[in-house]
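# Coordinate analysis (summary)
Each chain, written out:
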Amino acid sequence: VAMWIVVSLLCCLLLVGLPWADTSCPSQCSCAFHSLNEGTKARTVLCNDPEMTLTPVNIPVDTFKLRIEKTAIRRVPGEAFHALHNLEYLWMPYNSLASLSGITFKGLRRLLELRLDGNDLISFPWETLSDMPQLRLLDLHNNELTSIPPDAARYIKNITYLDLSSNKLMTLPQALISTWANLQAVPYFPNDNSKIILGLQDNPWVCDCSLYEMVHFLNFQSPNIAFIEPRLKCFTPRSLAGVFFSQVELRKCQSPVVHTSVAKVKTILGSTVLLRCGTTGVPIPELSWRRADGAPLNGTVHQEISSDGMSWSILGLPVVSYLDSGEYICKAKNFLGATEAFISLIIMDSESTDDPSSNAKGTWSGKASGMEAAAYNDKLVARYVITTSTMPTLGAGEGTGEDLLIPAGAQDSNPQNLLVSPPTGQQEPERIVRSVRVIGDTDQSVTLVWKAPLARNTTVFSVLYAVFGERDMRRINVEPGKTKVNIYGLLPKTKYIVCVCVKGLIPRKEQCIIFSTDEVASAGGTQKLINVVVISVACVIAVPLTLVVCCGALKRRCKKFFVRKPKEIQESYVTFESLSPGAKVKGAEGEYLTRHTPDESNRLLSARSSVDSEAIPKIEGQPNEYFC
């Protein structure tokens, strides 16, 4: 009887659907059955042993809800849940999970909730959400997530509850923000009034341009979206730490744009060059310099920010040489991308111009093109001239030159000192040689002239010349008293440097000039052509005028001989002289001169005066006589 009573009680408990221990339940877990609304029973498996380190195996295939909570499990095998086709709730909070496999949730097509809060996940396999098309709730609260990839936006379109709070997120991808923002126009569930619930609080948000879309979305949220905590705060930068999103004004991110003042820089040898490169972008891009040929930079970089917010980088190249020529690349980079700008640096031996001018005598002075300015550069003269002229021992006749090699000990550590001071024991008067200029003859010869007003008739000058850039120079010794020399045997279209100095002394910088054979020849030829044109024009204008004047004079002379003028016309202009030998007459003459004004005298000298007899007083006793 007692046995039948016990069996009856067990049957009753089974009929009312109370939880019951199942012999197929995994070890360290407990199983229970619950009645659903449709009258069916669902199995729930609970595993909460703190000493559990492995995911339970042999979980019943009819499990409806699986709860693995507060265990020491760190890893879930990829095939652990593949057979649970009826699983709708998977709760794994507060374990020690550090990672999840991409196939962990494969086959859970009926899963509605996935709770993974309170673990140590640093990433989540977002692509696995495509294996759970019915998933509506994803709880990743209180993990170690540092970022969310942009591709995650494709897999969360069906999620209505997403909790990402209390992680280490600093920003969210714009694609994810756009996915949520599109819900402003189209409800997520057309037949349901439910909202999407988002949990984003308690993350170290970096309030810069990358958060612009999120702040804008949060401040102007859709009515179909609700936040677990809408008052989000900035974590960095320090100036905005603790400030609510609703109180910050952020700028939209912009890709870097590079600005350069010039694309090509031409400069003379030995000068200092500053290459400037500016950039705009949000955030402010980082600027860097490099050479296109990979050579190291021979300069320093200085950064500055102008008042308009543009960031500038200045590359300073001191004392440039030919090795500094080439393409320089300025690169601006931020997290949106990078852009580059090119600046070409050209090192020349002198400044140049497209329209060099010449003086009236057809000489090429180099002033218009900056030739003399370059020749006067201390470093240029010291490099190409001085070391070859400290010991001039060889001589040559006019019109020829002999090689003058550079003495090994002639170089000075300070070239400028050599320019200023002549050799010891030799003092040159101040500026003996002046106004050095080149007169172009042909493209293979030039005439060099200079002025030496302080020189004596016995002063001997030396002319040193060479192809510009070469160290070996040729010297011409000029005869005493001469300030002109012809230089032959030059190469066409070649640039030369030539210096004039007293023999045995170092040329000063104003005694040197740089010229090009084609330019001086062109200048001389152009001047000759101008002279011919001017003379021709003058002849065309002056000859007719000369003929007209000559013809007029000849015509008047002919009239003088062939036509006799009337006597009264010939005697129209006369000069009167009074012959008065006596003192009385002299006094009368003075009285006459003082009594008549200059105007009246002019009248007296005019042609055929009608009052001649009245204007001349008579002196008694002596008649007046006149010479005409």
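In this text the structure is predicted, and so the values were computed from the model without any measurement.

This part takes up the overall build of the protein chain. Across its full length, the protein chain holds 11 helices and 26 strands. Burial analysis of the protein chain (628 residues in total) assigns 39% to the buried set. Restricting the contact set of the protein chain to residue pairs at least 6 apart, pairs at least 24 apart contribute 60%. Total accessible area computed for the protein chain in this model is approximately 36000 Å², and 56% of it derives from carbon and sulfur atoms.

Bridging between strand 14 (residues 300-305) and strand 15 (residues 311-317) involves 6 bridges; their strand directions are antiparallel. Bridge pairing in strand 15 places V301 opposite L315. Hairpin geometry of strand 14 and strand 15 is characterised by an intervening segment of 5 residues between the two adjacent antiparallel strands and by a positive phi of about 90° at G309.

Turning our attention to the layout of surface pockets. Counted as a void, the second largest pocket has a volume near 240 Å³. R251, G281, V282, I284 and G309 are the residues nearest the centre of the second largest pocket, which is lined by 15 residues in total. By residue number, the principal contributor to the lining of the second largest pocket is strand 12 (residues 273-282), which donates 4 residues. Along the lines of polarity and charge, the residues of the lining of the second largest pocket split into 6 nonpolar, 6 polar and 3 charged.

What follows covers the state of the cysteines. The full count for this structure, using the stated rule, is 6 disulfides. A disulfide bridge connects C277 with C330, and the sulfur atoms are separated by 1.9 Å. When the S-S torsion is -85°, as for the bridge of C277 with C330, the disulfide is left-handed. A residue pair is termed long-range when its members are at least 10 positions apart, and C277 in strand 12 and C330 in strand 16 (residues 326-334) qualify at 53 residues. Here the cysteine-cysteine linkages of the protein chain are recorded as 1-3, 2-4, 5-7, 6-8, 9-10, 11-12, numbering only bonded cysteines and doing so in sequence order. As a non-bridged cysteine, C550 has C551 as the owner of its nearest cysteine sulfur, 6.9 Å distant.

For the rest of this paragraph, the subject is the pattern of salt bridges. In the structure shown here, the tally under the stated rule is 11 salt bridges. E304 is the partner of R276 in a salt bridge, and the nearest nitrogen-oxygen pair spans 3.9 Å. Of the two residues, R276 sits in strand 12 while E304 sits in strand 14, which places them 28 residues apart along the sequence. Its relative accessible area of 31% is what places R276 among the partly exposed residues. By relative accessible area, which is 32% here, E304 ends up partly exposed. We note a salt bridge from R290 to E340, for which the minimum N-O separation is 3.0 Å. One end of the pair, R290, is in strand 13 (residues 286-291); the other, E340, is in strand 17 (residues 337-348), with 50 residues separating them in the sequence.

To continue, consider the packing of aromatic side chains. One pass over the structure, following the stated rule, counts 6 aromatic pairs. Consider the rings of Y496 and F515, whose centres lie 5.8 Å apart with planes at 15°: the pair is stacked. Residue Y496 is found in strand 25 (residues 495-502), and its partner F515 is found in strand 26 (residues 512-516); the two are separated by 19 residues along the sequence. Neither residue differs from the other here; Y496 and F515 are each classed as buried. Aromatic rings pair up to connect W180, F217 and F227 into one cluster. Lying over the aromatic face of Y89, K65 brings its terminal NZ or CZ to 5.3 Å of the ring centre. The ring of W312 carries R276 above its face, with NZ or CZ at 4.5 Å from the centroid.

Let's shift gears to the sheet that holds strand 15. Pairing is antiparallel in the open sheet, where 4 strands are placed in the order 10-12-15-14. What marks the edges here is a single partner per strand, and that holds for strand 10 (254-260) and strand 14. Between one strand axis and the next, the sheet turns by 20° as a mean value, whatever way the strands run. With 5 bridges connecting them, strand 10 and strand 12 associate as antiparallel partners.

Once that is clear, we can look at helix 3 (residues 212-219). Among the residues of helix 3, those classed as buried are M214, V215, F217 and L218. The buried side chains of helix 3 occupy one side of the element, clustering within an arc of 165° when seen end-on. If you follow the buried residues of helix 3, they end up packed against helix 2 (174-181) and strand 9 (225-227).

For the protein chain, per-residue confidence averages 74 on the pLDDT scale, and residues scoring 70 or more make up 67% of the total. Considering only residues more than four positions removed or in separate chains, one finds that residues 351-429, a stretch of pLDDT under 50, has 179 contacts.

Taken N-terminus to C-terminus, the directions of helix 2 and helix 3 make an angle of 20°; their axes are 9 Å apart at the nearest point. In terms of axis orientation, helix 2 runs roughly parallel to helix 3. Here the hand of the crossing between helix 2 and helix 3 comes out left-handed. Between helix 2 and helix 3, the residues in contact are Q174, I177, W180 and A181 and E213, M214 and F217, respectively. For the contact of helix 2 with helix 3, a count of residues per class yields 5 nonpolar, 1 polar and 1 charged.

Read from one edge of the open sheet, 9 strands run 1-2-3-4-5-6-7-8-9, paired in mixed fashion. Edge strands, defined here as strands with exactly one partner in the open sheet, are strand 1 (30-35) and strand 9. Across the sheet, the mean angle separating the axes of adjacent strands is 10° when strand polarity is ignored.

Take a nonpolar patch on the surface next. Judged by side-chain polarity, V537, V540, I541 and L545 come together as a nonpolar surface patch covering roughly 400 Å² of accessible area. Turning to its location among the elements, L545 is positioned in helix 7 (residues 517-562).

Bringing unusual backbone geometry into the picture now. Look at the link from T236 to P237: it is a cis peptide, with omega at 0°. Examined against the element boundaries, P237 turns out to sit in the loop between strand 9 and strand 10. Cis geometry is found at the peptide bond from V282 to P283, where omega equals -5°. Summarising the element assignment, P283 is placed in the loop between strand 12 and strand 13. In this structure, Q28 takes a positive phi of about 65° despite not being glycine. Mapped onto the elements, Q28 comes out in the loop between helix 1 (2-16) and strand 1. In this structure, D202 is a non-glycine residue whose phi angle is positive, near 60°. By secondary structure assignment, the location of D202 is in the loop between strand 8 (196-199) and helix 3. On the basis of relative accessibility, which here comes to 57%, the residue D202 falls in the exposed class.

Each value, and the rule that gives it
Residues numbered from 1 in each chain as written. Predicted model: local features only at pLDDT ≥ 70, side-chain atom pairs only at ≥ 80, totals over all residues. Heavy atoms only, no water. Helix = DSSP H or I, 4+ residues; strand = E, 2+ residues; numbered from the N terminus. Buried < 20%, exposed > 50% of the residue type's maximum accessible area, 1.4 Å probe, protein only. Contact = heavy atoms within 4.5 Å. Areas by Shrake-Rupley, 256 points an atom, 1.4 Å probe, with all protein chains shown as cover. Pairing = 2+ DSSP bridges. 1 Å grid on protein atoms, 1.4 Å probe; cavity = no way out; pocket = protein on both sides within 12 Å on 5 of 7 lines; lining within 4 Å. Points joined across faces, edges and corners; volume = space filled by probe spheres on them. Nonpolar A, V, L, I, M, F, W, Y, C, P; charged D, E, K, R; others polar. Disulfide = S-S within 2.5 Å. Salt bridge = Lys/Arg side-chain N within 4 Å of Asp/Glu carboxyl O. Phe/Tyr/Trp six-rings, centres within 6.5 Å; stacked < 30°, edge-to-face > 60°. Lys NZ or Arg CZ within 6 Å of the ring centre and 35° of its normal. Axes fitted to C-alpha atoms, helices over the stretch in contact; angles between N-to-C directions. Arc of directions from axis to C-beta. pLDDT = per-residue confidence, 0-100. Parallel < 35°, antiparallel > 145°, perpendicular 65-115°, else oblique. Left-handed = near helix turned anticlockwise from the far one by under 90°. Patch = residues over 30% accessible without salt bridge, like charges linked within 9 Å, V, L, I, M, F, W, Y side chains within 5 Å.

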